[in-house]
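Take a look at the letters that make up each chain.
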Amino acid sequence: MLQKLLPAFIAALLTGCSAPTDTRWNAGVTSGYGIGDRIVIPTTVHIGCELNEPLGIDKNLGTLTLNLEAYHHRFIAPETGSLIGAAPMLRYSYPLGDFSPYLEGGAGPGYLTIRTKEQGPPGFNFLDQGGFGIDYHIDDLTFTLGYRCSHISHARLRNGPNGGIDEHIIRFGLSIDF
């Protein structure tokens, strides 16, 4: 099922974001440090596009961006392991000069490589996440500092416990607009 949904999502992203003439794209990388049920070092790479023009949203109301993120959450304590996957993320930002505060949220599938008391054996899970932060823009570069709350769950789509794994993450990143 995922093999069919991911290409369809990418095709929708590319066709929906490439048709308008004024659409801006961005690509970047983030990392950080998180605590909660586990200590985690998350890394994401993303590509995204502004949705204002395709959706007819006035830029004076802020910017709505759709990002496709590939993520790797490296757990370092109490167990070591990873959650690897991809997720669409919507981000709303409002420009205030060189700074833009933002809100973001999204969810996507992933593979958890370790057995945990909360999730049971390794396997398929979802990563639900939401956050806020601030971007600082210099020409076509954007520096990001933010917070994300994430929740890992398999939504009872497989056998085993489903207590969820919660993380609170401070993130920093760099992206380029094109």
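Our subject is the structure listed above.
Structure report, in brief. Bear in mind that the values here come from a model prediction, so they are computed numbers and not experimental data.

**Observations regarding the overall build of the chain**
No. 1: Secondary structure assignment for the chain yields two helices and eight strands.
No. 2: Within the chain, contacts between residues separated by at least 24 positions form 56% of all contacts whose residues are at least 6 apart in sequence.
No. 3: For the chain, the exposed surface amounts to about 9,200 Å²; the carbon and sulfur share of it is 67%.

**Examining the environment of P95**
No. 1: With respect to the helices and strands, the residue P95 is situated in the loop between β4 (81-93) and β5 (99-112).
No. 2: Each C-alpha atom, one on P95 and one on D135, is 9.0 Å from the other, the two residues being 40 residues apart in sequence.
No. 3: Sequence-distant contacts of P95, that is, excluding residues within four places in its chain, are made with G62 and S100.

**Some thoughts on unusual backbone geometry**
Outside of glycine, negative phi angles account for most residues, and trans bonds account for most peptide bonds.
No. 1: With omega at 0 degrees, the peptide bond leading from A77 into P78 counts as cis.
No. 2: Note on placement: P78 falls in the loop between β3 (63-77) and β4.
No. 3: One non-glycine residue, D139, lies in positive phi territory at about 55 degrees.
No. 4: Its location among the elements puts D139 in the loop between β6 (123-138) and β7 (141-153).
No. 5: Judged by relative accessible area, D139 falls into the exposed class, the value being 75%.

**Some remarks on the pattern of salt bridges**
No. 1: Evaluated as defined, the whole model comprises eleven salt bridges.
No. 2: Put simply, D140 and R24 hold a salt bridge, and the shortest N to O gap is 3.7 Å. Separated by 116 residues along the polypeptide, D140 in the loop between β6 and β7 and R24 in the loop between α1 (2-18) and β1 (25-36) bring together distant segments of the chain.
No. 3: The partner of R38 in a salt bridge is E79, and the shortest N-O contact between them spans 2.7 Å. Of this pair, R38 sits in the loop between β1 and β2 (39-50) while E79 sits in the loop between β3 and β4, placing them 41 residues apart in sequence.
No. 4: Since its relative accessible area comes to 3%, R38 is described here as buried.
No. 5: Given a relative accessible area of 28%, E79 falls into the partly exposed group.
No. 6: Salt bridges sharing partners connect three or more residues here, namely E69, R91, E104, D135, R148 and R171.

**Quick word on the side chain of R158**
No. 1: Mapped onto the elements, R158 comes out in the loop between β7 and β8 (165-177).
No. 2: Within the buried core, R158 has no salt-bridge partner, and the shortest N-O distance to an opposite charge, that of E118, equals 10 Å.
No. 3: Within the structure, R158 has its side chain in polar contact with the backbone oxygen of P121 (distance 3.0 Å).
No. 4: Excluding anything up to four places from it in sequence, R158 contacts Q119, P121, P122, G123, F124 and N125.

**Re the nonpolar core**
No. 1: If you look at the biggest cluster of nonpolar residues, it comprises eleven residues: V40, Y71, F75, L83, A87, L112, I114, L127, I152, I165 and I169.
No. 2: Those elements giving two or more residues to this core turn out to be β3, β4 and β8.
No. 3: Residues contacting V40, with those up to four places away along its chain left out, are G32, Y33, G34, H73, R74, F75, E167 and I169.
No. 4: Membership of the second largest hydrophobic core comes to five residues, among which are C49, L51, L64 and L66.

The rules behind the values
Residues numbered from 1 in each chain as written. Predicted model: local features only at pLDDT ≥ 70, side-chain atom pairs only at ≥ 80, totals over all residues. Heavy atoms only, no water. Helix = DSSP H or I, 4+ residues; strand = E, 2+ residues; numbered from the N terminus. Contact = heavy atoms within 4.5 Å. Areas by Shrake-Rupley, 256 points an atom, 1.4 Å probe, with all protein chains shown as cover. Buried < 20%, exposed > 50% of the residue type's maximum accessible area, 1.4 Å probe, protein only. Salt bridge = Lys/Arg side-chain N within 4 Å of Asp/Glu carboxyl O. Lys, Arg positive; Asp, Glu negative; His and termini not counted. Polar contact = N/O pair within 3.5 Å; in protein donor to acceptor, adjacent residues only side chain to side chain. Core = buried A, V, L, I, M, F, W, Y, C linked by side-chain atoms within 4.5 Å.

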